[in-house]
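Close look at the chain arrangement
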Amino acid sequence: MKYESQRVAMPYFIFALILFAGQIVFGLILGLQYVVGDFLFPEIPFNVARMVHTNLLIVWLLFGFMGATYYMVPEESQTELHSPLLAWILFWVFAVAGTLTILGYLLVDYARLAELTFNEYFPTMGREFLEQPTITKFGILLVVGGFLYNVMMTALKGRKTVVNIVLMTGLVGLAVLWLFAFYNPGNLATDKYFWWFVIHLWVEGVWELIMGAILAYVLIKLTGVDREVIEKWLYVIVAMALITGIIGTGHHFFWIGPPEYWLWLGSVFSALEPLPFFMMVVFAFNMINRRRRNHPNKAALLWAMGTTVMAFLGAGVWGFLHTLAPVNWYTHGSQITAAHGHMAFYGAYVMIVLTIISYAVPIMRGRPYGNSNTAQIVEMWGFWLMTISMVFITLFLTAAGVLQVWLQRIPESGDALSFMAGQDQIAIFYWMRFVAGAFFMAGLVVYLGSFFIKGAASPAEEVRGPATADA
Amino acid sequence: MAERFTKSMARNIYLGGSVFFILLFLALTLDTQVRAMPERDNRDQLTDQVVRGKHLWEDNNCVGCHSIMGEGAYFAPELGNVFDRRGGGDTEVFKSYMKAWMNAMPTNVPGRRQMPNFNLTDDEIEDLAAFLEWTSKIDDNDWPPNIEG
């Protein structure tokens, strides 16, 4: 850690991990409700648990991105953060607002929450992933705005690196696209169209820029490869992400009202969306092969490799599986979508945040070369347990989805099973998914446990040729 | 990557490519929203009642269990075409079906998925029914493949 103000990243990372644990608890509740339908009913109905599960994910990833940014930007721009105090204030505002929102979901009826937060005067609630009360949405806008101001002022007064430029573009895009969360017309078809401006253009657009920037930063630090080489890769990767991903939004416009040309545009461009993820895999492994040093933080390196592979599988391969319009006609809104969603979010965004945490947190704790060997081994156990569990969650959901499509979608009306009759037929896969989810939870416990193991890695770095000065 | 491929070339692909595709996306959005959608979303039938129904749909977080036009949660049946599935395409039939259904919830059958009772008035249930009927008539390229949704 070269600048004292980078330390404000720490509370962001800690809080992110706490929310991550909460997300998984609610994931298990949901998984059980799929097979034991009345589990926790009426105390925590499915829709409430799901809202908590998805909103915790979004919020903890935002905490992770912010922590990553606060850590990276001062070091990249070679100057202290503009205002560590502002970063601390915004942390508490976001943490309190986020916690209150989640408690609101759990403690009062959703309709009552809408009433209490005056949703009728500015209705934005009740849309998937955008369930937050309008006032929370303004809170997020305020926090992200203040955060952007803080890091922009930092980035502008110091060295301009490609990592910073790409990261800033991604974050500005995140903030601007969030504005569409406030647009909720009475026409459902229009509502849905612009809803995707937040959802798709975040996860298949600007978030990829954030991911690319974090990955590039960590690879510069861990491999010592010349910044010029890494920055060139980064530009090409994020270029591909936007070139394919923006028109790729069209794969969501197939069946919600927009005209037929989107069937072609959405299919062709989203079929190319795996490319940037594939390039990330090649990029990471290439840089590691060409490394100038063997960094003692092996766990961080594992996360960096893992995130590219899992993002490629989850977002790339599982996305491609059902993105072509003739396939999506059958699979749209089935468990195949759920399978893709789980692995894509885990691979791309959960793992990239855990990558930067694995790299940065030991440094902030006074362990510049990483955690002790024991702690790293435990962390890697956490990595493998969570990652393999997620692979199985995805496979079981895919099997459930294929059967669901086979029973409910493919036969003609009259022969097709009803939704609930189909669900009963595929319950075995939901059970297996729940078991895989329990293993994921075990992996998370192991992972979190690794933070409590004392000791640091030894400073010896095996150098393979001259490492660059600023890495 | 070959040395001939410089960082500034990479940057230009990033900037040029993004700007081009953002502009293309905005142009397509304009065409979709201004030219195409009025023909496809039957907005001439978008009454106040339908809008009230949409707000009820949102205020009770229906999308937290159900999908509508394939989007939402996958815990409970698709409702984009429920007007055809349960109402047989008839407004009055659908309204009475909706009243019977909403008031029968929850079933409390042990082990089965439960839908809460949202304590809606008859008028509110009619608003919700109007919203679902209107939704079922959006031209969505003939999705879903069959009546089961």
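Structure shown above.
Residues numbered from 1 in each chain as written. Chains lettered and ligands numbered in written order. Predicted model: local features only at pLDDT ≥ 70, side-chain atom pairs only at ≥ 80, totals over all residues. Heavy atoms only, no water.

**Digging into the nonpolar core**
Nonpolar side chains tend to gather and get buried jointly when the protein is soluble and globular. One finds Phe20, Trp60, Phe63, Tyr70, Trp202, Trp207 and Leu354 of chain A to be the most contacted residues of the largest nonpolar core, which totals 201 residues. A per-element tally of this core places helix H7 (residues 188-223) of chain A first, with 26 residues. For Phe20 of chain A, the contacting residues outside a window of four places in its chain are Trp60, Val350, Leu354, Met386, Phe440 and Leu444 of chain A. Counting 6 residues, the second largest nonpolar core, distinct from the first, contains Trp255, Leu263 and Ala325 of chain A together with Trp143 of chain B. (Core = buried A, V, L, I, M, F, W, Y, C linked by side-chain atoms within 4.5 Å. Buried < 20%, exposed > 50% of the residue type's maximum accessible area, 1.4 Å probe, protein only. Helix = DSSP H or I, 4+ residues; strand = E, 2+ residues; numbered from the N terminus. Contact = heavy atoms within 4.5 Å.)

**Comments concerning the packing of helix H8 (residues 227-248) of chain A against helix H1 (residues 7-40) of chain B**
For the pair H8 of chain A and H1 of chain B, interaxial distance at closest approach is 8 Å and the crossing angle is 15°. When the axis of H8 of chain A is compared with that of H1 of chain B, the two are roughly parallel. Considering the relative orientation of H8 of chain A and H1 of chain B, their crossing is left-handed. Across from Glu228, Glu231, Lys232, Tyr235, Val236, Val238, Ala239, Leu242, Ile243, Ile246 and Ile247 of chain A in H8 of chain A, the residues of H1 of chain B making contact are Lys7, Ala10, Arg11, Ile13, Tyr14, Gly17, Ser18, Phe21, Ile22, Leu24, Phe25 and Leu28 of chain B. (Axes fitted to C-alpha atoms, helices over the stretch in contact; angles between N-to-C directions. Parallel < 35°, antiparallel > 145°, perpendicular 65-115°, else oblique. Left-handed = near helix turned anticlockwise from the far one by under 90°.)

**Some thoughts on the pattern of salt bridges**
Residues and elements named next belong to chain B. Applying the stated rule across the entire model yields 22 salt bridges over all chains. Of the charged contacts, one joins Arg35 and Asp31 as a salt bridge, the two residues approaching to 2.7 Å between their closest N and O atoms. One end of the pair is Arg35 and the other is Asp31, both in helix H1 and 4 residues apart, which spans about a single turn. Residue Asp127 is joined to Arg52 by a salt bridge in which the shortest nitrogen-to-oxygen separation is 3.1 Å. Here Arg52 lies in helix H2 (residues 48-59) and Asp127 lies in helix H5 (residues 122-136), a separation of 75 residues in the sequence. (Salt bridge = Lys/Arg side-chain N within 4 Å of Asp/Glu carboxyl O.)

**So, the side chain of Glu273 of chain A**
All names here are of chain A. Looking at the secondary structure, you find Glu273 in the loop between helix H9 (261-271) and helix H10 (274-289). One buried charged residue, Glu273, remains without a salt bridge, the closest side chain of opposite sign being Lys192 at 18 Å. Apart from the residues lying within four places of it in its own chain, the contact partners of Glu273 are His200, Glu204, Thr244, Gly245, Gly248 and His251. (Lys, Arg positive; Asp, Glu negative; His and termini not counted.)

**Quick look at a nonpolar patch on the surface**
All names here are of chain A. Taken together, the side chains of Trp88, Trp92, Val96, Leu100, Leu103, Leu107, Val108 and Leu116 present a nonpolar region at the surface, about 790 Å² in accessible area. Looking at the nonpolar patch element by element, the count peaks at 6 residues for helix H3 (residues 84-107). Its place among the elements puts Trp92 in helix H3. (Patch = residues over 30% accessible without salt bridge, like charges linked within 9 Å, V, L, I, M, F, W, Y side chains within 5 Å. Areas by Shrake-Rupley, 256 points an atom, 1.4 Å probe, with all protein chains shown as cover.)

**Remarks on the interface of chain A and chain B**
Taken together, the 89 residues of chain A in the interface contact 71 residues of chain B. Carbon and sulfur atoms supply 63% of the area buried between chain A and chain B, which totals about 6,700 Å² over both sides. At the boundary of chain A and chain B, one finds 5 salt bridges. Its salt-bridge partner being Lys7 of chain B, residue Glu228 of chain A comes within 3.1 Å of it at the nearest N-O pair. Taken together, the connections running from chain A to chain B amount to 39 residue pairs in polar contact (both at pLDDT 80 or more). A per-class count over the side of chain A that touches chain B returns 52 nonpolar, 23 polar and 14 charged. (Buried area = accessible area lost by both parts, 1.4 Å probe. Polar contact = N/O pair within 3.5 Å; in protein donor to acceptor, adjacent residues only side chain to side chain. Nonpolar A, V, L, I, M, F, W, Y, C, P; charged D, E, K, R; others polar.)

**What about the packing of helix H6 (residues 162-178) of chain A against H7 of chain A?**
The angle between the axes and the distance between the axes are what describe a pair of packed helices. All names here are of chain A. It is the contact of H6 with H7, at a shortest axis distance of 9 Å, that shows an interaxial angle of 160°. As judged from the angle between their axes, H6 and H7 are roughly antiparallel. In terms of crossing hand, the pair formed by H6 and H7 is left-handed. Counting all contacts with H6, which are made through Val163, Val166, Leu167, Thr169, Gly170, Leu171, Gly173, Leu174, Leu177 and Trp178, the residues of H7 involved are Phe197, Val198, Leu201, Trp202, Val206, Trp207, Leu209, Ile210, Ala213, Ala216, Tyr217 and Ile220. In terms of residue class, the contact of H6 with H7 is made up of 19 nonpolar, 3 polar and no charged.

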